[in-house]
Amino acid sequence: MKKYFRFIVLALLALVFIGMFIFLWQKSRPTPVTFEEFTPTVMDLRRTTVVTGKIEPRNEVNVKPQISGIITEILKEAGQTVSEGEIIAKVKVVPDMAQLSNAEARVRLSEINVAQAKTDFDREKVLFDKGLVSAEEYEKVKQAYDQSREEVAAARDNLGVVRDGVSQSNASASSTLIRSTITGLILNIPVKVGNSVINSNTFNDGTTIATVANMSDLIFRGNIDETEVGQLTPGQNMRITIGALQQAETLTAQLEYISPKATESNGANQFEIKAAINLQNTNDQLRAGYSANAEIVLAEALQVLTVPESTIEFSGDSTFVYVKTAADYERRAVTTGLSDGINIEVKSGLKATETVRGPQKIAEQ
């Protein structure tokens, strides 16, 4: 029994040894080299670039007060539309004490002058009615009286503007009423009732009461690298994709501005571009500040013979392909054209019926 068991163990060891020998011998044998093969196809090639930017209104203005004061009432909210001249807020004037004092003094002085002018006029009128003074003398006194009355009215209007911000003679155009300067959508109202505001002057830009924009005229604003800006021309069409929209809607736009001067960003020179967005086919309400991507076609070749760029061998300024023959592959010079990074145009040296060699196939382990 032990003798048979020994024979069985030796036989198993022999089988294992022979199996390992066969396995190692097969692994050591050279495997045939095979390549992927492709047939040229006729297609449209486009080389594009993607520019990241934002959607902005072309016309966006900051509405600011003409006087300094305190906000007493806000009549509009962000998101509402306003017409040019429509009232957005009201301001109560906080008068300058020196200007107020001067305005009050002007009123008092003008009232004294008009009282004296009236006395002179009444006296002159009595004499004129009796024929004791000439018409010329009478007209001079009357003119002085009329002028003094106009000065009183002007002084009182000035006092009203300094004290209340309202002129009695033109209350509808009061500077205390903050009106929109354009027709559009209110994007933001950064002030609240009770906030102090100041008008724009030499030393200050003034307080912004509201930001209003025309949302029916939007532009895409972005930056493109200096290596690609030379391939752009005003009037080019582009596709705008806005990821924030529910269905990632794609819009069309037309390039209308390329900055003549670069700005440095992260060590690279960038040129600003602007494009007018076509809003006719959009169903969504676009909002100012949406992030967007603009796809621009830098070059294109329509219905040309193409092969995968991986089949091309580049040698200096020359390009070659390996064309399949009955026996092997023939190295052949070709003239190439536009490439989109995946496929490349073959202008000459290759027929549509021929097969070209691609990258080597990698055997699965």
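Since we're looking at a predicted model, the values are computed, not measured.

Peer 1: Looking at this structure, how should I read the nonpolar core?
Peer 2: A general tendency of soluble globular proteins is for nonpolar side chains to be buried together. Counting 27 residues, the largest nonpolar core has Ile-55, Phe-220, Met-238, Ile-240, Ile-242 and Ile-273 as the members making the most contacts within it. When residues of this core are traced back to their parent elements, those giving at least two are β2 (41–57), β11 (218–225), β12 (237–241), β13 (250–258), β15 (268–277) and β16 (291–308). With 16 residues, the next largest nonpolar core counts Ala-89, Ile-178, Ile-182 and Ile-209 among its residues.

Peer 1: Can you help me understand a nonpolar patch on the surface in this one?
Peer 2: Together, Ile-8, Leu-12 and Leu-15 line one region of the surface with nonpolar side chains, adding up to about 320 Å² of accessible area. Residue position: Leu-15 is located in helix α1 (residues 2–28). Residue Leu-15 is classed as exposed on the basis of its relative accessible area, which comes to 58%.

Peer 1: Is there a simple way to think about the pairing of β16 in this case?
Peer 2: Both faces of the sheet carry side chains from a regular strand, because those side chains alternate between them. As defined by bridge partners, β2 adjoins β16 across 13 bridges and the pair is classed as antiparallel. By the bridge assignment, Val-50 is partnered in β16 with Glu-295. Strand direction decides the pairing type here: β12 and β16, joined by 4 bridges, are antiparallel. Along β16, the bridge assignment pairs Thr-241 with Asn-293. The pairing of β16 with strand β20 (residues 343–348) spans 3 bridges and is classified as antiparallel.

Peer 1: Before we go on, may I ask you to explain the pattern of salt bridges in this structure?
Peer 2: Between side chains of opposite charge, a pair can form when the charged atoms approach closely. What the rule picks out here adds up to 19 salt bridges. A salt bridge links Lys-118 to Asp-122; its shortest N-O distance comes to 3.0 Å. On the criterion of helical spacing, the pair formed by Lys-118 and Asp-122 is a turn pair, its members being 4 residues apart in helix α2 (residues 97–129). Residues Glu-354 and Arg-332 are paired through a salt bridge, measuring 2.8 Å at the closest nitrogen-oxygen approach. Of the two residues, Glu-354 is situated in the loop between β20 and β21 (356–360) and Arg-332 in strand β19 (residues 329–339); the sequence distance between them amounts to 22 residues.

Peer 1: I would appreciate a short explanation of the packing of aromatic side chains in the present structure.
Peer 2: Each aromatic ring pair is described using two quantities: the centre-to-centre distance and the angle formed by the ring planes. Applying the stated criterion to the full structure yields 2 aromatic pairs. Relative to Tyr-138, the ring of Phe-121 has its centre 5.8 Å away and its plane inclined at 35 degrees; by these criteria the two rings are tilted. Placement of Phe-121 in helix α2 and of Tyr-138 in helix α3 (residues 135–164) is noted, with a sequence separation of 17 residues between them. Per residue, the accessibility class of Phe-121 equals that of Tyr-138, and both read buried. Where Phe-121 meets Tyr-145, the ring centres are 5.3 Å apart and the plane angle is 15 degrees; that geometry is what we call stacked. You can see Phe-121 sitting in helix α2 and its partner Tyr-145 sitting in helix α3, a full 24 residues away along the chain. Residue classification places Phe-121 among the buried positions, given a relative accessible area of 12%. Here the aromatic cluster, defined as three or more aromatic residues joined through ring pairs, consists of Phe-121, Tyr-138 and Tyr-145. The ring of Tyr-322 has Arg-357 sitting right over it, with the charged end atom 4.0 Å from the ring centre. Over the ring of Tyr-329 we find Arg-357; its NZ or CZ atom is 5.6 Å from the centre of that ring.

Cut-off values and rules
Residues numbered from 1 in each chain as written. Predicted model: local features only at pLDDT ≥ 70, side-chain atom pairs only at ≥ 80, totals over all residues. Heavy atoms only, no water. Core = buried A, V, L, I, M, F, W, Y, C linked by side-chain atoms within 4.5 Å. Buried < 20%, exposed > 50% of the residue type's maximum accessible area, 1.4 Å probe, protein only. Helix = DSSP H or I, 4+ residues; strand = E, 2+ residues; numbered from the N terminus. Patch = residues over 30% accessible without salt bridge, like charges linked within 9 Å, V, L, I, M, F, W, Y side chains within 5 Å. Areas by Shrake-Rupley, 256 points an atom, 1.4 Å probe, with all protein chains shown as cover. Salt bridge = Lys/Arg side-chain N within 4 Å of Asp/Glu carboxyl O. Pairing = 2+ DSSP bridges. Phe/Tyr/Trp six-rings, centres within 6.5 Å; stacked < 30°, edge-to-face > 60°. Lys NZ or Arg CZ within 6 Å of the ring centre and 35° of its normal.

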